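For reference, the chains in residue letters:
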Amino acid sequence: MQHPRYSTPSRRQLLTGAAALGACSFPALAQSKIVLRISSPAVPDDWHAKMWTVFKDTLEKSAPGEFDVQINLNASLFKQGAESAAMARGNLELTTLSSFDIAKFVPAFSVFTAGYMVRDPAQQQKIFQGPLGAELFKMVSDTMDVTPLATAYLGTRQLNLREVRNVKTPADLKGVKLRMPGSKEWLFLGEALGATATPLAFGEVYLGLKTGTIDGQDNPLPSVRAAKFYEVTKQIVLTSHLVDSLFISISNKSLAAMTPAQRQKVTAAAQAAAVYNNDNRIKEEAQLVEFFRKEGLQITTPDLDAFHKSVQQSYQRSDYAKAWPAGLVDRINAVR
Ligand code: KDO
């Protein structure tokens, strides 16, 4: 007796099989496009989420039908901070890497995780578009097998507290449970600000603030708006402690599978996305203090000299500073 698994297929089974093969031929066609999977923890209403649509549209115009761009927001594909490992495994092509993500692999990069290091978004763009940026990006590519294509300004990070507090100096943050993203580089920044840093993924911050498992969080104002943190907090302290960046980055494996013309178009699309993000974010940052005031939040300005001095000292004395090549800080400061 024949085993049922090896029985001769009936005509109906053959027809169903043929239909299935026919159905497969469409994905096979679609597969001739280069798939670009994107993962980001950004909420859809934030500029660095919307910029991916600019990326996709730009690429669709410059290289019609050549790419299949798949945008995954809200950390729905990979959790925050897991993106570079996913790229190394070949499971992800594009993401935004922070200086904190990069510093884990390229220690010199921790210079950009230091509070009060970069002055403003204009200096940030000049640094990463100039010779220093080229050197640093080469180190990233050689070490992480990932190439930064463009620098997006995430915004200037501010403190955002659940309850109103008189914050003038870092000493006034003693005992404040400040949520930071989950890596030691981020936690160091939170501690340097004078708070008790607590790791938590971005997607859990709203609930943490609502329920009081954390006392505050730090993010640029556009993200405070987009993720609606202002609904569950009462104060913003304008510490301006980090001019933050996100690097639109692609795996080298993905780049290697493209023609030179395709590489150039992908780079141009990433740059268009960054420009869209940067323009909108800078414009919105200038307007949001008024918006949050109207929402009932107290907006206060601390003693910025005290914050600068204390945070900078923490970094200078840290092991991070030991990994900064001689002259790096001077080169950053010289960019105007
Ligand atoms: C955050 O978790 O606070 C942070 O701002 C860190 C950034 O590096 C980046 O991951 C960002 O979240 C997400 O893109 C969400 O806006």
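Scroll up for the structure.
Residues numbered from 1 in each chain as written. Predicted model: local features only at pLDDT ≥ 70, side-chain atom pairs only at ≥ 80, totals over all residues. Heavy atoms only, no water.

Caption draft 1: Geometry of the packing of helix α2 (residues 47-62) against helix α11 (residues 260-294). Running from amino to carboxyl end, α2 crosses α11 at an angle of 145 degrees, the nearest separation of the two axes being 8 Å. Both α2 and α11 take part in a crossing whose hand is right-handed. Residues W47, H48, K50, M51, V54, F55, T58, L59 and S62 of α2 lie in contact with α11, whose contacting residues are K265, V266, A269, A270, A272, A273, Y276, N277, N280, R281 and E284. Partitioning the contact of α2 with α11 into residue classes produces 11 nonpolar, five polar and four charged. (Axes fitted to C-alpha atoms, helices over the stretch in contact; angles between N-to-C directions. Helix = DSSP H or I, 4+ residues; strand = E, 2+ residues; numbered from the N terminus. Left-handed = near helix turned anticlockwise from the far one by under 90°. Contact = heavy atoms within 4.5 Å. Nonpolar A, V, L, I, M, F, W, Y, C, P; charged D, E, K, R; others polar.)

Caption draft 2: Structural detail: the environment of N91. Tracing the backbone shows N91 in the loop between α3 (83-88) and β3 (94-98). Relative accessible area serves as the criterion here: at 31%, N91 is assigned to the partly exposed category. Along the backbone, N91 and P170 are 79 residues apart, and their C-alpha atoms lie at a distance of 42 Å. Once residues lying within four places of it in the same chain are set aside, the contact partners of N91 are R37, F78 and A86. (Buried < 20%, exposed > 50% of the residue type's maximum accessible area, 1.4 Å probe, protein only.)

Caption draft 3: Spatial organisation of the packing of aromatic side chains. Enumeration according to the criterion identifies 16 aromatic pairs in this entry. Ring centres of F109 and F128 lie 6.2 Å apart, and the angle between their planes is 20 degrees; this geometry places the pair in the stacked category. In this pair, F109 is assigned in the loop between α4 (99-103) and α5 (121-129) and F128 in helix α5, connecting sequence segments 19 residues apart. Just as F109 is buried, F128 falls in that class too. Taking the centre distance of 5.3 Å and the plane angle of 80 degrees together, the rings of Y230 and F291 count as edge-to-face. Separated by 61 residues along the polypeptide, Y230 in the loop between α9 (221-226) and β8 (235-251) and F291 in helix α11 bring together distant segments of the chain. Among the residues examined, F291 registers a relative accessible area of 28% and is labelled partly exposed. Three or more aromatic residues joined by ring pairs make a cluster, and in this case those are F109, F112, F128, F137 and F247. We note K50 situated over the ring of W47; from NZ or CZ to the ring centre the distance is 4.4 Å. (Phe/Tyr/Trp six-rings, centres within 6.5 Å; stacked < 30°, edge-to-face > 60°. Lys NZ or Arg CZ within 6 Å of the ring centre and 35° of its normal.)

Caption draft 4: Structural detail: the nonpolar core. Counting residues in hydrophobic clusters, the biggest one holds 51 residues, and the most contacted among them are F109, F112 and W324. Residues within four places of F109 in sequence aside, it is in contact with S99, I102, A103, F128, L136, F137, V140 and F247. (Core = buried A, V, L, I, M, F, W, Y, C linked by side-chain atoms within 4.5 Å.)

Caption draft 5: Structural detail: the site of the ligand. Close to the ligand lie 13 residues, the nearest being H48, Q80, R157, R179 and N219. At 2.7 Å, a side-chain N or O of Q80 approaches an oxygen atom of the ligand. Between an oxygen atom of the ligand and a side-chain N or O atom of R157, the distance comes to 2.8 Å. When the free accessible area of the ligand is taken as 370 Å², the share hidden by the protein chains comes to 96%. Class assignment of the residues belonging to the shell around the ligand gives a composition of seven nonpolar, four polar and two charged. (Near = heavy atom within 4 Å. Polar contact = N/O pair within 3.5 Å; in protein donor to acceptor, adjacent residues only side chain to side chain. Areas by Shrake-Rupley, 256 points an atom, 1.4 Å probe, with all protein chains shown as cover.)

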